[in-house]
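One-letter residues, chain by chain:
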Amino acid sequence: MTAGATSGIGAGAPRPARWPGRIRFLRLGPLSVRIDIVATTVTVLLVIATAAIAVVSLGVSTTSSPNLGFAETLQVLTGQIGGAPADRVAHALPAVRTAVLGGISLALSGAIFQTMTRNPLGSPDIIGFTTGANTGALIAMLVFGFGSGGATIGSLIGCLVTGMAVYLLGMRGGTGNYRFIIVGIGISAMLVSFNGYLIANANQQNAAVAAAWGMGNLRNITMADTIPVWITLAVLIPAMVTFAPRMRMFELGPDSAQSKGVDTERTQLILLVIGVGFAAATTSIAGPIAFVALVAPQLAARLTPSAGIPLVTSAAVGAALLVSSDAIARTLLAPTTQLPVGVVTTALGGAYLLFLLLAQSRKARP
């Protein structure tokens, strides 16, 4: 029986829930999947836009040679054109692929933390996780001299250690979500100071490399560098889907979730590990790319009529944001130089925060 049907129900029997007209149910054997038509349409359009922007970005030249057209880039991707155009696309493909996967990963991390804390500021770049990743990378590069490979491992360890520190100080034992965010901001501020100390005491060449990495950069990424992101998404997305129903319970607060039988402390810890893993996957290879995790879930919530933060739409928004930012970073000053993608995302994120503050101030007016 479909939702909203009333046949065969007695006058005194409770009526089934009436879903909005945009909701449809897809039955797959014994399973029934609820589909939001509006959210699905928005997500599909975002995927199409991301693919189109990615193709355009692949054809952009960062040298004095002319750009490839959209159709020409598609011909290169399908193997119809080789030579110099194919070499250019092959050189840009790892960065564009990382932008797509990294945008998905960062957006899902932000969606988890914003749902869990019920706060739009609950994102890994605000509460210090990406800053901790930067600290780990700087220690690996500047203190131990491990190079770029060591920076990847160091950033992963730094992100995980920072996540556990924020959890133990701000959320363990059922403390409030606001305290979790405030503790994260405080730890982030201390780590920023420590990072500055490490860079100031390094030699000029190492300091320049570390500073460039710390701004978030997709240049010089190889196909092999994208493997950790693939593995992370393959492992963590099923885990996130498994815990998504329990995560949704936190939208009404941890007390409400606990009253419905959710082990809140254990669930928060598992969600923390999943969210930190998503953030660390991208940060470990591209550096701390700011504001994608903050902005993408909120834009997804505004683009769809969902009551909470839609995870799939958030991932699509994140991919579109980071691919667009990478395209802007590669073309804005070309062929003279190429901006770090973190510069573009920070500018967009600053504009979003200004918009958010103005919107909140208007709501607060009598």
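Residues numbered from 1 in each chain as written. Predicted model: local features only at pLDDT ≥ 70, side-chain atom pairs only at ≥ 80, totals over all residues. Heavy atoms only, no water.

Time to look at the pattern of salt bridges. Taken as a whole, this structure holds one salt bridge when the rule is applied. Of the charged contacts, one joins Arg248 and Glu251 as a salt bridge, the two residues approaching to 2.7 Å between their closest N and O atoms. Note on Glu251: relative accessible area 30%, which makes it partly exposed. (Salt bridge = Lys/Arg side-chain N within 4 Å of Asp/Glu carboxyl O. Buried < 20%, exposed > 50% of the residue type's maximum accessible area, 1.4 Å probe, protein only.)

What follows covers the packing of aromatic side chains. What the rule picks out here adds up to three aromatic pairs. Measuring from centroid to centroid gives 5.2 Å for Phe113 and Phe129, while their planes differ by 55 degrees, and the two rings are tilted. Here Phe113, found in helix H3 (residues 84-117), pairs with Phe129, found in helix H4 (residues 129-143); they are 16 residues apart in sequence, far enough to count as distant. Relative accessible area serves as the criterion here: at 0%, Phe113 is assigned to the buried category. On the basis of relative accessibility, which here comes to 0%, the residue Phe129 falls in the buried class. Plain terms: the ring middles of Phe194 and Tyr197 are 6.5 Å apart, the flat faces sit at 25 degrees to each other, and that makes the pair stacked. Within this pair, Phe194 and its partner Tyr197 are both found in helix H6 (residues 177-200), separated by three residues, close to a single helical turn. (Phe/Tyr/Trp six-rings, centres within 6.5 Å; stacked < 30°, edge-to-face > 60°. Helix = DSSP H or I, 4+ residues; strand = E, 2+ residues; numbered from the N terminus.)

Before going further, it helps to spend a moment on the packing of H3 against helix H8 (residues 227-249). Their axes nearest at 11 Å, the elements H3 and H8 cross at an angle of 25 degrees. Between H3 and H8, the angle is such that the two are roughly parallel. In terms of crossing hand, the pair formed by H3 and H8 is left-handed. Every residue of H8 that contacts H3 at Arg97, Leu101, Gly102, Ile104, Ser105, Leu108, Ile112 and Thr115 is listed here: Val229, Trp230, Leu233, Ile237, Met240, Met247 and Arg248. In terms of residue class, the contact of H3 with H8 is made up of 10 nonpolar, three polar and two charged. (Axes fitted to C-alpha atoms, helices over the stretch in contact; angles between N-to-C directions. Parallel < 35°, antiparallel > 145°, perpendicular 65-115°, else oblique. Left-handed = near helix turned anticlockwise from the far one by under 90°. Contact = heavy atoms within 4.5 Å. Nonpolar A, V, L, I, M, F, W, Y, C, P; charged D, E, K, R; others polar.)

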